[in-house]
Amino acid sequence: MDLTFSPADEDFRSELRSWLDANLPTEMRQPAFWAGKSDDEQFEIRREWEQGKAQAGFAGIQWPTEYGGRGGTPTMKAIYDEEMAKANAPSTVNPLGLAFLGPTIMAIGTDEQKRDIIKPLLHCETIWCQGFSEPGAGSDLAALQMRAEPQGDQYVLNGQKIWTTNAMHGDKIFTLARTSSSEGQKKHAGISMLLVDMHQDGVDARPLKQMTGASEFGEVFFTDALCPQDEVLGGEGNGWQVAMLLLSFERGSSAIGQYTEFRHQWDEVARLAQQVQRDGGPASADPVIRQRLASALVDLECLKYHSWHILSEVSKGKDLGFEASMTKMAWSEAFRQVSDAYEDVLGLGFQVPDPQPGLSLEELTTLAMWSRSCTIWGGSQQVQRNIVAERVLGLPR
Ligand SMILES: Cc1cc2nc3c(=O)[nH]c(=O)nc-3n(C[C@H](O)[C@H](O)[C@H](O)COP(=O)(O)OP(=O)(O)OC[C@H]3O[C@@H](n4cnc5c(N)ncnc54)[C@H](O)[C@@H]3O)c2cc1C
């Protein structure tokens, strides 16, 4: 594992730090700035800030320059993630477009798709949603039922998607639908990936309220919605292969950004444990809580070295393939451990915490609640374990 940074990496880090110092106002780094603002207000502030960042050249760090990216290395992307987390900078408003759609369009999009989709996506002019999951199709994605009937030069879409991140702010959605019957064939057949405009009468997005109080995902209903036939990605009937390619672009990313964020969260929980009184002494003196905190810290430090190891391998050109599932499991479980330790320190009261000097408990509570979703989205923990067992370790099905 090579833990050294090249002079170019160091230059990139200091350039990014200087830009953040000058362009990320101190108040925006504080949770109090966001408290009391509606989902819509928060979204617009983050979008505007991210657009400025893209104009300054800090978007698409690893994307080729011909697509408006920075043409950087995997290490630069990891440095970017780390510095953004250290600065407590707003997270992207276009996560699905950036992580999945952009790289897929670069790989298999038509020239028109590359021209029309990539730049507006990178500059957050078009916010993309991912329409894969349905009420009866989650882990078993190939069970999806949404239909898209060819009619003239259009498809007519009918069906429902669920758990759609950014449903209320999305402009377009890349979605999977059945364009022909798969009767007598495998259920993966007859599916196409369509790029659908969400600003039309046939598309109805409804928010789903989460336990954090936010509605950053929702349901999307399609009733005779239209999609031009040239807005198919990767050709009609190839949706399953396109979806697998699209999901593979998460592979190889290290979890340095997540480590930085969760380690900061752990530091706050450890400070809280020293302040909160339990059974006549500080919670940090309770042996069970000490054990919890220590165990979370061990997991976190393992995550750090695992992340550097991944980065080192990817920098040498290794395709991690299904090993990437181990990174997803490692970071989401470390996050859960830190959050569980927080909940133990405060007990059930963590849901409505009393203020503590110098600590932002509202933010810790939101993180603790949010951590529960991270072992579900992007492939649940059980499904990731199956992948590692069968495809990395070669165990029988
Ligand atoms: C915060 C959040 C954001 C999301 N955003 C999006 C989005 O933008 N777009 C989108 O399309 N989807 C999105 N999803 C949906 C997500 O992809 C699904 O929740 C996920 O794929 C699991 O599907 P499910 O919820 O239907 O659960 P199910 O698939 O019904 O699983 C239920 C339980 O059974 C287990 N299970 C299922 N199959 C197996 C198996 N073969 N072996 C062992 N255990 C199994 C699972 O691990 C889980 O514990 C989001 C989800 C969340 C929580």
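Just so it is clear, the model here is predicted, and its values are computed rather than measured. (Residues numbered from 1 in each chain as written. Predicted model: local features only at pLDDT ≥ 70, side-chain atom pairs only at ≥ 80, totals over all residues.)

A closer look at the site of the ligand
Applicable threshold: Working rule for contacts: place C-beta from the backbone, and if it is within 6 Å of a molecule or strand, that residue counts as near it. Secondary structure follows DSSP: runs of H or I at least 4 residues long count as helices, runs of E at least 2 residues long count as strands, and numbering of each begins at the N terminus. Classification convention: Asp, Glu, Lys, Arg as charged; Ala, Val, Leu, Ile, Met, Phe, Trp, Tyr, Cys, Pro as nonpolar; all other residues, Gly among them, as polar. Residue ranges assigned to the domains are those given by an automatic or database domain assignment.
With respect to spatial proximity, 18 residues lie near the ligand, and among them Phe 132, Gly 138, Ser 139, Ser 380 and Gln 382 are the closest. If you list the elements that add at least two residues to the shell around the ligand, you get β1 (128-131), β3 (154-165) and α12 (381-392). In the shell around the ligand, the residues fall into seven nonpolar, eleven polar and no charged. When residues of the shell around the ligand are sorted by domain, at least three fall in each of domain 2 (128-237) and domain 3 (256-392).

With respect to the domain arrangement of the protein
Annotation of the protein at the domain level lists domain 1 (7-93), domain 2 (128-237) and domain 3 (256-392). In this structure, domain 1 and domain 2 have C-alpha centres spaced 30 Å apart.

With respect to the environment of Leu 157
Inclusion rule: Every C-beta atom is placed from the backbone, and the number of other C-beta atoms within 10 Å of a residue's own sets its class: buried at 20 or more, exposed at 12 or fewer, partly exposed in between. Note that contacts rest on C-beta atoms placed from the backbone: two residues are in contact if these are within 7 Å.
The topology assignment puts Leu 157 in strand β3. The class of Leu 157 is buried, set by 23 C-beta atoms lying within 10 Å. Along the sequence, Leu 157 and Gly 71 sit 86 residues apart, while their C-alpha atoms lie 38 Å from each other. Not counting residues up to four positions away in its chain, the partners in contact with Leu 157 are Met 146, Ala 148, Ala 177, Val 196, Phe 222, Ala 225 and Cys 227.

Describing the nonpolar core
The condition that has to hold: Here, a nonpolar core means buried Ala, Val, Leu, Ile, Met, Phe, Trp, Tyr and Cys residues linked by C-beta atoms lying within 7 Å of one another.
In this structure, Leu 157, Leu 194, Val 269, Val 338 and Val 345 are the most contacted members of the largest nonpolar core, which totals 85 residues. Tallying contributions element by element places helix α10 (residues 324-346) first for this core, with nine residues. Each residue touching Val 345, except ones within four places of it in the same chain, is listed here: Val 269, Leu 272, Ala 273, Val 276, Ala 283 and Ile 289.

Observations concerning helix α8 (residues 256-275)
Spelled out, the test is: Here a helix's expected span is defined as the number of its residues, less one, multiplied by 1.5 Å.
Between its first and last C-alpha, α8 extends 29 Å over 20 residues, near the 28 Å set by a 1.5 Å rise per residue. Residues Ile 256, Gly 257, Gln 258, Tyr 259, Glu 261, Phe 262, Gln 265, Trp 266, Glu 268, Val 269, Leu 272 and Ala 273 constitute the buried set of α8. Residues of α8 that are buried in the fold lie against α4 (74-86), β10 (281-282), α9 (287-315), α10 and α11 (361-374).

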